[in-house]
Amino acid sequence: MRVTIIGTESALGAALAAEYAAAGHDVRSVAWSDDATPEAVAAALGNVPIDRLVFCDAIDPPDRTAEAVGRAELGAALARLTALPFRLAALLRGQLAAGTEPRLVLVSRRSATMETEDGSGRYLERPFRAAAHALWRCLSVEWGPAGIACRIVALDDPDDRAAVAALPTVIEAASVDLVDGTGAPLGW
Amino acid sequence: MSTILIAGASRGIGREFVRQFVAAGWTVHATARDGTGAAVLAAEGALPHRLDITDDASIAALAQELAGRPLDAVIANAGISGDLSLPLGAVSGAELARVFDTNLFGVLRLVAALKPNLRAGERKLALAMSSLMSSISSNDWSTQYAYRASKTALNAAWRSLATEWRPEGIACVLLRPGFVKTDMTGHQGMEVADSVAGMRAVVEGLDLSDSGRVIGYDGLDVPW
Ligand SMILES: NC(=O)c1ccc[n+]([C@@H]2O[C@H](COP(=O)([O-])OP(=O)(O)OC[C@H]3O[C@@H](n4cnc5c(N)ncnc54)[C@H](OP(=O)(O)O)[C@@H]3O)[C@@H](O)[C@H]2O)c1
């Protein structure tokens, strides 16, 4: 398969790229840097078909109290965790549509789902991953009928090596929009 | 007598909240962005203040004006829809940033700045406006990308806030107005008076056990 991994500056992304490469897939890796833009990255990837487009990161921002969290750091978290994957996915629609049984995958965190309330202090992560989930649902509604499967895999721990090794299998098997690291369906 | 601050009250749902809380005998502080809006609020019987929720200095100035006044409830009502005409591929990072700046960052920073007032109040209600659009499980027609994402993010932030402030007795609850006739909807939907009457009944009944919920004008929880 032609696999593109976004976010290989993170240990998670690099490990996932290595898993796909070891299995013999054709892997392209994009390490995200702060001065990159979705438009520039999309242009650099070129107009070639993508079978699996996977967004990864290992972002683990500091906790904040509600009084201490600042507008600029909220904006930066929005740009990295929400706007980047959504915008880049939108820009690569044509390449995905040209792929074979294409899958668009966001590797997220279970802590961003709503059912667990205890997320105190996680203002720089949780709202923006949750927002990305909302936008992935929009992508799924619009692109699913066109044959692009849009999936979110919400990990408990991005440093869990076994979970990362299982990711390619979970990504192939996921039949609903949101699954956990074992492939079991999750609530939003 | 109970005291409330309604932020973003010049028009629509916020202005109707002012009317109904004044009629119910509450002391109502309310904000508008400009002098015309402030005059409207004074005419409705509220104590008017100026606030642009995207401006931290404006939030700080409001907190200064209200320093030492206990508030039973704050409703951070200000919100924008963003440009709803944009198709999925045209929603830029700047558009997301603009909508989030009001609907999440401003709302969170306002309520946090007024925490001392809420702690001093009796009811201790930190309220803001969610929407059915925040519900991912209900979304089977897409559209309204930046708005949806901002309201889902608000839900997530309020879940975290609920945990953080529970030990201090502050209930953090989001309200869903329904689909309501205001400028935001091009004046389609239900009457604003009915939506606000429903939400006011919800607010009257709230306590700490409701913290972390998103509750509709109809009393029903919004599914995640
Ligand atoms: N109408 C609905 O069907 C519906 C449904 C679900 C949720 N909601 C939510 O309910 C809330 C009120 O909506 P609405 O329908 O009443 O909208 P609206 O008629 O457009 O009124 C929006 C209010 O927010 C204020 N506002 C906007 N940006 C602001 C800023 N930067 N600083 C301070 N105030 C600001 C506006 O003040 P200006 O006059 O100065 O612009 C106005 O008073 C919003 O949070 C909205 O998302 C509405």
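Residues numbered from 1 in each chain as written. Chains lettered and ligands numbered in written order. Predicted model: local features only at pLDDT ≥ 70, side-chain atom pairs only at ≥ 80, totals over all residues. Heavy atoms only, no water.

Looking at an unreviewed UniProt entry, one finds chain B named NAD(P)-dependent dehydrogenase (Short-subunit alcohol dehydrogenase family) and attributed to Prosthecomicrobium pneumaticum.

Naming follows an unreviewed UniProt entry, where chain A appears as NAD(P)-dependent dehydrogenase (Short-subunit alcohol dehydrogenase family) of Prosthecomicrobium pneumaticum.

Colleague: I'm lost on the sheet that holds strand E1 (residues 3-7) of chain B in this one. Help?
Modeller: In any sheet, the strands associate via hydrogen bonds between backbone groups, in a parallel or an antiparallel arrangement. All names here are of chain B. Spatially, 7 strands are ordered E3-E2-E1-E4-E5-E6-E7 in an open sheet, and the strand pairing comes out parallel. Two strands in the sheet have a free side with no partner beyond their single neighbour: strand E3 (47-50) and strand E7 (214-216). Averaged over all neighbouring strand pairs, the angle between strand axes comes to 25°, with direction disregarded. Where helix H6 (residues 145-165) meets the sheet, it contacts strand E5 (125-129), strand E6 (171-176) and E7, and its direction lies at approximately 155° from that of E6. (Pairing = 2+ DSSP bridges. Helix = DSSP H or I, 4+ residues; strand = E, 2+ residues; numbered from the N terminus. Axes fitted to C-alpha atoms, helices over the stretch in contact; angles between N-to-C directions. Contact = heavy atoms within 4.5 Å.)

Colleague: Honestly, the packing of aromatic side chains in this entry has me stumped. Any pointers?
Modeller: Centre distance and the angle of the planes are the two values used to describe a pair of aromatic rings. Per the stated rule, a full pass over the model turns up 7 aromatic pairs over all chains. Between Phe-17 of chain B and Phe-21 of chain B the ring centres are 6.0 Å apart and the planes differ by 25°, which places this aromatic pair in the stacked class. Linking Phe-17 of chain B with Phe-21 of chain B, this pair stays in helix H1 (residues 12-23), spanning 4 residues, or about one helical turn. The burial state of Phe-17 of chain B is the same as that of Phe-21 of chain B; both residues are buried. Among the aromatic residues, ring-to-ring pairing joins Phe-128 of chain A together with Phe-100 and Phe-105 of chain B into one connected group. Seen from the ring of Trp-141 of chain B, Arg-148 of chain B lies directly overhead, with NZ or CZ sitting 4.6 Å from the centre. The lysine or arginine in question, Arg-200 of chain B, covers the ring of Phe-21 of chain B, its NZ or CZ lying 5.6 Å from the ring centre. (Phe/Tyr/Trp six-rings, centres within 6.5 Å; stacked < 30°, edge-to-face > 60°. Buried < 20%, exposed > 50% of the residue type's maximum accessible area, 1.4 Å probe, protein only. Lys NZ or Arg CZ within 6 Å of the ring centre and 35° of its normal.)

Colleague: In this structure, what is going on with the site of the ligand? I would like to understand it.
Modeller: Residue and element names in this part refer to chain B. Near the ligand there are 29 residues, and of these Ser-10, Arg-11, Arg-33, Tyr-147 and Thr-182 occur at the shortest range. Separating an oxygen atom of the ligand from a side-chain N or O atom of Arg-11 is a distance of 2.8 Å. The protein chains hide 93% of the 900 Å² of surface that the ligand would expose on its own. Where the shell around the ligand is concerned, the elements lending two or more residues are H1 and H6. Split by residue class, the shell around the ligand holds 12 nonpolar, 12 polar and 5 charged. (Near = heavy atom within 4 Å. Polar contact = N/O pair within 3.5 Å; in protein donor to acceptor, adjacent residues only side chain to side chain. Areas by Shrake-Rupley, 256 points an atom, 1.4 Å probe, with all protein chains shown as cover. Nonpolar A, V, L, I, M, F, W, Y, C, P; charged D, E, K, R; others polar.)

Colleague: Looking at this structure, how should I read the nonpolar core?
Modeller: The tendency in soluble globular proteins is for nonpolar side chains to be buried as a group. Residues Leu-104 of chain A together with Phe-100 and Trp-158 of chain B are the most contacted members of the largest nonpolar core, which totals 91 residues. The leading source of residues in this core is H6 of chain B, at 11 residues. Discounting residues that sit within four places of it in the chain, Phe-100 of chain B has contacts with Leu-78, Phe-128 and Ala-131 of chain A together with Phe-105, Ala-146, Ala-149, Ser-150 and Ala-153 of chain B. In terms of nonpolar packing, the next biggest core, distinct from the first, is built from 29 residues, Ile-6, Leu-41, Ala-46 and Met-199 of chain B among them. (Core = buried A, V, L, I, M, F, W, Y, C linked by side-chain atoms within 4.5 Å.)

Colleague: Could you clarify how one ought to interpret the interface of chain B and chain A in this entry?
Modeller: Interfaces are frequently sized by the accessible area removed from exposure as the parts join. Facing the 48 residues of chain B at the interface are 38 residues of chain A. Overall, the association of chain B and chain A removes approximately 3400 Å² of surface from exposure, summing both partners, and the carbon and sulfur fraction of that is 66%. Of all residues in chain B, Leu-88, Ile-136 and Arg-159 of chain B bury the most surface against chain A, accounting for 19% of the area lost on that side. The interface formed by chain B and chain A contains 3 salt bridges. Listing elements by their share of the side of chain B that touches chain A, those giving two or more residues are helix H3 (56-65), helix H4 (93-113) and H6 of chain B. Looking at the side of chain B that touches chain A, the element that brings in the most residues is H6 of chain B, giving 15 residues. Across the side of chain B that touches chain A, the residue classes tally to 23 nonpolar, 15 polar and 10 charged. (Buried area = accessible area lost by both parts, 1.4 Å probe. Salt bridge = Lys/Arg side-chain N within 4 Å of Asp/Glu carboxyl O.)

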